[in-house]
Amino acid sequence: MVIDITKDFKKYISDFRQSYNRDIKNEHETSRLVSKFCEGVLGYKSLEISLEHRVKHKYVDYAIVLDEEVQFFIEVKRTSLALKERHIEQATSYAAQVGVHWVLLTNGKKWKMYRLSWDKKGIQDNLVWDVDILEDKVKDSISKLSMLHKKNITKGMLDAYFNKQETLSPENILQAIFHEKILHLICLNLKKSSGIKIDKAELREKIKGMISKETWKKIKGDDIKIIPKKKSTKQKQNV
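Basis of the calculations
- Residues numbered from 1 in each chain as written.
- Predicted model: local features only at pLDDT ≥ 70, side-chain atom pairs only at ≥ 80, totals over all residues.
- Heavy atoms only, no water.
- Phe/Tyr/Trp six-rings, centres within 6.5 Å; stacked < 30°, edge-to-face > 60°.
- Helix = DSSP H or I, 4+ residues; strand = E, 2+ residues; numbered from the N terminus.
- Buried < 20%, exposed > 50% of the residue type's maximum accessible area, 1.4 Å probe, protein only.
- Lys NZ or Arg CZ within 6 Å of the ring centre and 35° of its normal.
- Salt bridge = Lys/Arg side-chain N within 4 Å of Asp/Glu carboxyl O.

K.L.:
In this structure, what is going on with the packing of aromatic side chains? I would like to understand it.
P.N.:
For any pair of aromatic rings, the description consists of the separation of the ring centres together with the inter-plane angle of the planes. The full count for this structure, using the stated rule, is six aromatic pairs. Seen in terms of ring centroids, Tyr 12 and Phe 37 are 6.2 Å apart; in terms of plane orientation they differ by 85°. Their pairing is edge-to-face. Taken as a pair, Tyr 12 in helix H1 (residues 6-21) and Phe 37 in helix H2 (residues 27-40) lie far apart in primary sequence, 25 residues in all. The residues Tyr 12 and Phe 37 share a single accessibility class, namely buried. Ring geometry for Phe 16 versus Phe 37: centroids 5.8 Å apart, planes at 65°, classification edge-to-face. Of this pair, Phe 16 sits in helix H1 while Phe 37 sits in helix H2, and the two are 21 residues apart along the sequence. Put simply, the rings of Phe 9, Tyr 12, Phe 16, Phe 37 and Trp 111 touch in pairs and so form one group of aromatic residues. One residue, Lys 109, lies across the ring of Tyr 20, its end atom 5.2 Å from the ring centre.

K.L.:
So what exactly am I meant to see when it comes to the pattern of salt bridges here?
P.N.:
Charged atoms that come close allow side chains of opposite charge to pair. For the structure shown, the criterion picks out eight salt bridges. Across the pair Lys 150 and Glu 48 runs a salt bridge whose closest N-O atoms are separated by 2.8 Å. Of this pair, Lys 150 sits in helix H5 (residues 150-154) while Glu 48 is found in the loop between H2 and strand S1 (49-55), placing the two residues 102 residues apart along the sequence. By relative accessible area, which is 14% here, Glu 48 ends up buried. Where Glu 180 meets Lys 200, a salt bridge forms, and the shortest distance between an N and an O atom there is 3.9 Å. Of the two residues, Glu 180 is situated in helix H8 (residues 180-194) and Lys 200 in helix H9 (residues 200-209); the sequence distance between them amounts to 20 residues. Residue class for Glu 180 comes out partly exposed when judged on its relative accessible area of 22%.

If you want it as structure tokens, here you go:
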């Protein structure tokens, strides 16, 4: 069962709003509010919120640590500072060094959660979700931030959310549609309704035409090929 943070969340919105309205340029003040939020709303004990967490010879603002294992890093910026992609670069570098896959970037108003992966080509930071707690609907903010609650983290809800979003990515959905078996079923359905036989390759091009060129390029549509049906055991024996 997902932990409901609604009641506690609403208590802290006013603190962040006051900080934002006063245009506080002191990062320490924002950091203090974020720490209180982690305790009062997300359910962590003070000892589980590691301030100025050391990563080799460097430090990150916060690390959420459960059973001596870092769950995610938190990079805090002052409330008046608009968050940029470059603000996450240092924290992601430190995270990759110690195998931490999650980094939260926040200025108290906006919260951005990144999932990291790395290979020989370098570090990739994927923005999984972001929320503005002063502008977005309370329900939307809660649905995202509740994933960071201690009990939900221990249940693996953050990873589960990411895995589901990856599964439902445009690339994966399109690849599923371009499976020969699926294209065959669509062709059969079209033939049944119209009496006209449609070639699978032609159908693929028509589906491509339904997608904007910008989106097609973004999801690397040309790299997605028709996946052939697997041969049955009997077919293999007859070959």
